[in-house]
Each structure stands twice: as C-alpha cells, then as structure tokens.
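Single-letter residue listing:
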Amino acid sequence: MAAQTFDDRDGWIWMNGKLVPWRDAKIHVLSHALHYASAVFEGERAYGGKVYKLREHNQRLIDSGKMLGFDVPYTVEQLDAATNEVLKANNIVDGYVRPIAWRGSEQMGVSCQASKINVAIATWEWPAYFSPEAKLKGIKLTMAKWRRPDPATIPAKAKATGLYMICTLSKHEAEAAGYADALMLDWRGQIAEATGANVFFVINGEIHTPKPDCFLDGITRRSVIDLAKKRQYKVVERAMLPDEMGKATECFLTGTAAEVTPVASIADYKFTPGAITKNLMEDYEKAVRA
Ligand SMILES: Cc1ncc(COP(=O)(O)O)c(C=O)c1O
C-alpha cells in the first residue's frame, strides 16, 4: 500500500484565519515562497492535547518573519488560539503541529513588496515511536559536507525554509550511507548542529554545547539546559571544535522532534549514552507532560 501523502487526508487546516477542509488547503504554483524561499515555519509537539512551549514557538515564528522582512499578520495570542482550534478540530492529543507563514502570489520576482503574508497551521498524529530503552542505544551520525552559513550571508537564526536546503542534502547523504543523521559544522569549522536538532556533549562530567551564534537556538535546547541546571549539572555554551569529540563520553541531540536523543557515534567518535543523557531524557519527558 502506498504511504499516505500529506495532501490527501481527512481533517482541517487553519489557513488565513479559518479552518478549511484538509484537501482544500492549497496555494498557487506562482507563490513567491515556492520560488524564492520566502517562508518561515515552526515544528511543535502536542502532548496530552497541549503544545509544549506553544507561546515560544509562535513568538519565534513572528521573529523569523521579521528576519525575512515581513510581519506575520497575527498576534502571538491569535496564533496560540488558532493552534488550539486546529488541534481540537482534528482531535489531536499527541501530535505534531506545523505553522507556516509565506509570501503569496501577488507579485513574481525578487522584489515582492506587494505580496501578502499567508499563514497556515496543520497538525497530525505523532505518537512516541521508540521506548526509552531502544532510544538509549543511540543513533549513528556521519559528518555533513555542508556547513551552516555565516550570518553575514543569510538570516541564519531564522527558522526559514531556505536554510533547510543544506539540511535535506546532508540528511539524504547520511541516510544513503546508512546513518540516521549528519553533524554539520559551521562556516568557521566549529561544531554547529544536526540537520534538525541541536547537539550536546558530556566532557569530564560537564555538559558542553556549541553557542548558537549562526544556527537555530532550539526551544528544546533551552529547556534541556534549564533541566540540566536544575540537576546542578554544569552547562558550558561555547565554540567547540570537531576534534574535541574525542574527549566526550556522552552525546545527545535535542529538538521538538528528536526530544532528547542519545547518540552512539559521530563518524569515528564513539559515545556511550550514560546517566546524564538518561536523566535528561526522563526530565524532558516529564516536563513536556507537566
Ligand atoms: C536545524 C534545526 N536545529 C535545531 C532544531 C531544534 O529546535 P527546537 O528545539 O526549537 O525544535 C530544529 C528543529 O526545529 C532544527 O530544524
């Protein structure tokens, strides 16, 4: 049986202020966003019917829009309410939420001063797939050949569609070689992040993570740093070079989708998911359902 596609489903999508039947949530082929990557989005997760850090995600959507030079035409309160409305309409309890804001089809060309900003919010079921025991084995990563760009070349800290071109290329290359994901360095050769998640290392019992000065400062990343501090773990945010991975005993990824995912290896560097990773996995699991 063919996999269920994302355009052909039952349900409702919130689009420009109202719920529309899922299959009718369409845009024209001459939409600016499709040609020029003028779109920003979020990835959120509902646990027990409630989106974890909903306000932070919707605020980041608005902030990302500003970094691309446009105003999302809804307040953060309106976006929160719309999210809850679409979750309810689709009876989603444990699910993923995907808001997106994009430039429409009023104008076609690099300049798009007259284009309208559209917003849609979709949601679908997404239960937890892996048991903590299975997760604790850790995933295997390779090194990506693409690097996170210099913030002087692109709005690097926006959650903008254009920035995902190198993520998809890196993820595809990793998967084709039998890895789950790839670690990306930044333009300076420092450790940056995975293709859709931030990265942490345990070195001498302390938690070290790259400073997010040219990539997404994940909402999960910030939650996990707070949880680590509550446990009195020392957290160091700093520039990290790839050969430092040789000193790390544990490694994990954080992200809305990844949650806290232990890493068993990155290229030839091996890690053993241990107490710190396990504790933070458990703390995060509790926090999202609190
Ligand atoms: C490139 C990238 N980095 C990091 C993250 C983690 O961000 P968050 O924890 O806000 O989901 C994501 C996930 O959206 C991402 O796509």
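What you are looking at is a predicted structure, and each value in this text was computed from that prediction instead of being measured. (Residues numbered from 1 in each chain as written. Predicted model: local features only at pLDDT ≥ 70, side-chain atom pairs only at ≥ 80, totals over all residues. Heavy atoms only, no water.)

Asks: Which residues make up the overall build of the chain, and what are the values?
Replies: If you tally the helices and strands in the chain, you get seven helices and 16 strands. In terms of overall size, the chain behaves like a compact globule, its C-alpha atoms giving a radius of gyration of 19 Å where 290 residues would be expected to give roughly 19 Å. In terms of overall dimensions, the chain has C-alpha extents of about 55 × 40 × 40 Å along its principal axes. In the chain, which comprises 290 residues, the proportion classed as buried is 50%. Taken as two groups, the 37 positive and 35 negative side-chain charges of the chain have centres that lie 2 Å from each other. (Helix = DSSP H or I, 4+ residues; strand = E, 2+ residues; numbered from the N terminus. Rg over C-alpha atoms; globule rule 2.2 N^0.38 Å. Buried < 20%, exposed > 50% of the residue type's maximum accessible area, 1.4 Å probe, protein only. Lys, Arg positive; Asp, Glu negative; His and termini not counted. Charge placed at Lys NZ, Arg CZ, Asp CG, Glu CD.)

Asks: Run through the site of the ligand, naming residues and quoting values.
Replies: Residues in close proximity to the ligand total 14 residues, the closest being Lys159, Tyr164, Glu193, Thr220 and Thr256. Taking Lys159, its side chain carries an N or O atom lying 2.7 Å from an oxygen atom of the ligand. Protein coverage of the free-state accessible area of the ligand, which is 380 Å², stands at 95%. When its residues are assigned to classes, the shell around the ligand shows four nonpolar, seven polar and three charged. (Near = heavy atom within 4 Å. Polar contact = N/O pair within 3.5 Å; in protein donor to acceptor, adjacent residues only side chain to side chain. Areas by Shrake-Rupley, 256 points an atom, 1.4 Å probe, with all protein chains shown as cover. Nonpolar A, V, L, I, M, F, W, Y, C, P; charged D, E, K, R; others polar.)

Asks: Tell me about empty space enclosed by the protein, and name the residues and values.
Replies: Considering all chains together, one arrives at one cavity of 30 Å³ or more under this definition. One number sums up the size of the largest cavity: a volume of about 40 Å³. Around the largest cavity, the lining residues are Arg45, Tyr47, Tyr52, His57, Thr220, Thr256 and Tyr284. Of the residues assigned to the lining of the largest cavity, the class counts are three nonpolar, three polar and one charged. A domain split of the lining of the largest cavity shows at least three residues from each of domain 1 (12-125) and domain 2 (132-288). (1 Å grid on protein atoms, 1.4 Å probe; cavity = no way out; pocket = protein on both sides within 12 Å on 5 of 7 lines; lining within 4 Å. Points joined across faces, edges and corners; volume = space filled by probe spheres on them. Domains from an automatic or database assignment.)

Asks: Describe a nonpolar patch on the surface, listing the residues and the values that go with them.
Replies: Taken together, Val29, Leu30, Leu34, Tyr36, Met108 and Val110 make up a surface patch of nonpolar side chains, about 600 Å² in accessible area. In this fold, Val110 is placed in the loop between strand 6 (95-103) and strand 7 (117-125). Owing to a relative accessible area of 71%, Val110 belongs among the exposed residues under this scheme. (Patch = residues over 30% accessible without salt bridge, like charges linked within 9 Å, V, L, I, M, F, W, Y side chains within 5 Å. Salt bridge = Lys/Arg side-chain N within 4 Å of Asp/Glu carboxyl O.)

Asks: I'd like a rundown of helix 6 (residues 219-230), residues and numbers included.
Replies: With twelve residues, helix 6 should reach 16 Å at 1.5 Å per residue; the first-to-last C-alpha distance of 17 Å fits that figure. Taken residue by residue, helix 6 has Ile219, Thr220, Arg221, Ser223, Val224, Ile225, Leu227 and Ala228 as its buried positions. Once helix 6 ends, the next one or two residues include Gln232, with phi positive near 65°. (Expected span 1.5 Å × (residues − 1).)

Asks: Could you give me a rundown of helix 2 (residues 54-67), with the residues and numbers involved?
Replies: Every α-helical turn comprises 3.6 residues, leaving residues that sit three or four positions apart pointing alike. Here helix 2 spans 20 Å end to end across 14 residues, near enough to the 20 Å set by a 1.5 Å rise per residue. Looking at the buried residues of helix 2, the elements they touch are strand 3 (39-41), strand 4 (44-47), strand 5 (50-51), helix 3 (76-89), strand 6 and helix 6. Of the residues one or two after helix 2, Gly69 is the one with positive phi, at around 85°. (Contact = heavy atoms within 4.5 Å.)

Asks: Outline the side chain of Arg103, supporting the account with residue identities and numerical values.
Replies: In this fold, Arg103 is placed in strand 6. Buried charge Arg103 goes without a salt bridge, the closest partner of opposite sign being Glu106 at 8.5 Å. A distance of 3.2 Å separates a polar side-chain atom of Arg103 from the backbone oxygen of Leu68. Apart from residues lying up to four places away in sequence, Arg103 is in contact with Ser31, His32, Ala33, Ser38, Leu68, Gly69, Phe70, Cys112, Ser115, Lys116, Ile117 and Asn118.

Asks: Describe the pattern of salt bridges, listing the residues and the values that go with them.
Replies: This structure, assessed with the given rule, holds 20 salt bridges. In this structure, Lys145 engages Glu173 in a salt bridge whose closest nitrogen and oxygen atoms are separated by 3.3 Å. Placement of Lys145 in strand 8 (residues 139-148) and of Glu173 in helix 5 (residues 165-176) is noted, with a sequence separation of 28 residues between them. Residue Lys145 is classed as exposed on the basis of its relative accessible area, which comes to 60%. Exposure remark for Glu173: the relative accessible area of 34% places this residue in the partly exposed category.

Asks: Please set out the layout of surface pockets residue by residue, giving values where relevant.
Replies: Of the pockets and cavities examined, the second largest pocket occupies roughly 580 Å³. Lining the second largest pocket are 20 residues, with Ile13, Ala25, Arg98, Ile100 and Ala120 positioned closest to its centre. Taken together, the residues of the lining of the second largest pocket sort by class into 15 nonpolar, one polar and four charged.

Asks: So what about the nonpolar core? Which residues, and what values?
Replies: Judged by nonpolar contacts, the single largest core of 24 residues is most densely connected at Trp14, Val72, Leu79, Ala101 and Val119. If you list the elements that add at least two residues to this core, you get helix 2, helix 3, strand 6 and strand 7. Looking at which domains feed residues into this core, each of domain 1 (12-125) and domain 2 (132-288) gives three or more. Those residues in contact with Leu79, other than ones at most four positions away along the chain, are Asn58, Leu61, Ile62, Val72, Tyr74, Val119 and Ile121. (Core = buried A, V, L, I, M, F, W, Y, C linked by side-chain atoms within 4.5 Å.)

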